[in-house]
Amino acid sequence: MAEETMNDFKDEIDRSFRKVKEGDILEGTVIDVSDTEVTLDLKYYTQGIIKVEDLSNDPKFNIHRDIAVGDEISATVVSTDDGRGNILLSKKEATQVLAWDKLKEYLESGEYVDVKVSEAVKAGAVAFLEGIRGFIPASKLDLNYVEEDQIPEFVGKTLKVKVITVNPEDNKLVLSAREYLKEQADAKRAEMVSNVEVGLVTEGVVESLQNYGAFINLGNGLSGLVHISQICNQRIAHPSAVLKVGQKVKVKVTAIKDGKLSLSMKALEEIAATEITEEKIEFESEGEATTSLADLLKKAGF
């Protein structure tokens, strides 16, 4: 067995002589638990003491049930001398500091974390993350704005959220569930778009009119744009000249780029004008031939 040298104990020696000041966070091992306090071995020349009232903010906390000899605890230095030569510590303060540090990490990484909505409040909902009260605005609870009378429906639900604001000075934590839901919706839409082929003729409903064209809802969460030049053979100043929101129209998929569908109504007019039979994508669906986009996607597993 090799002979022990001073170097073997260098870390412990350095720790025992380090300068400790108020506000420092120290780690220690629980060596005693009483009704009123917990004693820690800090690997220091003196021990650490945490009073029962400084252990936890949880109203259900029980010192004998929740703390045991051998536990590792991080605590903030409240005083370097409690009057008995020990270092007075607070686990509650350290928990708060470490929690905000963790929340800052979540903010920087942009990772998703699970939270459970605990309360509905004006203009949003409340969920706790790392023990800190977080606010989820109504506009961030879902893909669309959630009306105030609908917010209570989210209480008890577990949401995947991103941390979007962290301000420990103002005790402000803001969370958002919208990013994850949008990411999932975009992924699903991209997968559905991949099952659509250029040349498909299908029906849709006009969902909005813009100066540059009309957006057509094709169902199943898919929509596409009919550029103003592709609405009809006549030159029009605005899509509203021939279309209105809610109107059913037949369109042809003319291009797919970056997950977006380009549609044309004009192409179908030109086909009809030259008496060319429309190319159809047909398959049997419950015994009937169909060119419905909804049925095509249903057959593809959506």
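Computed from a predicted model, the values in this text were never measured in an experiment.

Novice: How would you explain the pattern of salt bridges if you had to name every residue and give the values?
Specialist: For the structure on display, the rule yields 10 salt bridges. K43 serves as the salt-bridge partner of D41, at 3.9 Å between the closest nitrogen and oxygen. Measuring nitrogen to oxygen at the nearest pair gives 2.9 Å for the salt bridge that ties K182 to D186. Taken as a pair, K182 and D186 lie in helix α4 (residues 178–193) at a separation of four residues, close to a single helical turn. The network of salt bridges with common partners includes E37, K51, D82 and R84.

Novice: So, the side chain of T46: which residues are in play, and what are the values?
Specialist: Within the secondary structure, T46 is located in the loop between β2 (37–41) and β3 (48–51). Side-chain polar atoms of T46 contact the backbone oxygen of G85, separated by 2.6 Å. Non-local contacts of T46, meaning those with residues more than four positions away in its chain, are made with G85, N86 and I87.

Novice: Account for α4, with residues named and values stated.
Specialist: The end-to-end C-alpha distance of α4, which contains 16 residues, comes to 22 Å, matching closely the 22 Å that a straight helix rising 1.5 Å per residue would cover. All of the buried residues in α4 are R189, M192 and V193. Looking straight down α4, one finds that the buried residues subtend no more than 95 degrees of arc, so they occupy a single side.

Novice: Pulling in residues and values, what's your account of the packing of aromatic side chains?
Specialist: For the structure shown, the criterion picks out three aromatic pairs. Summarising the aromatic geometry, the rings of Y44 and Y45 are spaced 4.5 Å apart at their centres and angled 45 degrees between planes, so their arrangement reads as tilted. The buried category is assigned to Y44, whose relative accessible area is 15%. For Y45, a relative accessible area of 61% corresponds to the exposed category. Taking 6.2 Å as the distance between ring centres and 90 degrees as the angle between the ring planes, the aromatic pair formed by Y212 and F215 counts as edge-to-face. For F215, a relative accessible area of 24% corresponds to the partly exposed category. A cation over an aromatic ring shows up here: K157 above the ring of F154, its NZ or CZ 5.0 Å from the ring centre. The side chain of K160 reaches across the aromatic face of Y180, ending 6.0 Å from its centre.

Scoring rules and cut-offs
Residues numbered from 1 in each chain as written. Predicted model: local features only at pLDDT ≥ 70, side-chain atom pairs only at ≥ 80, totals over all residues. Heavy atoms only, no water. Salt bridge = Lys/Arg side-chain N within 4 Å of Asp/Glu carboxyl O. Helix = DSSP H or I, 4+ residues; strand = E, 2+ residues; numbered from the N terminus. Polar contact = N/O pair within 3.5 Å; in protein donor to acceptor, adjacent residues only side chain to side chain. Contact = heavy atoms within 4.5 Å. Expected span 1.5 Å × (residues − 1). Buried < 20%, exposed > 50% of the residue type's maximum accessible area, 1.4 Å probe, protein only. Arc of directions from axis to C-beta. Phe/Tyr/Trp six-rings, centres within 6.5 Å; stacked < 30°, edge-to-face > 60°. Lys NZ or Arg CZ within 6 Å of the ring centre and 35° of its normal.

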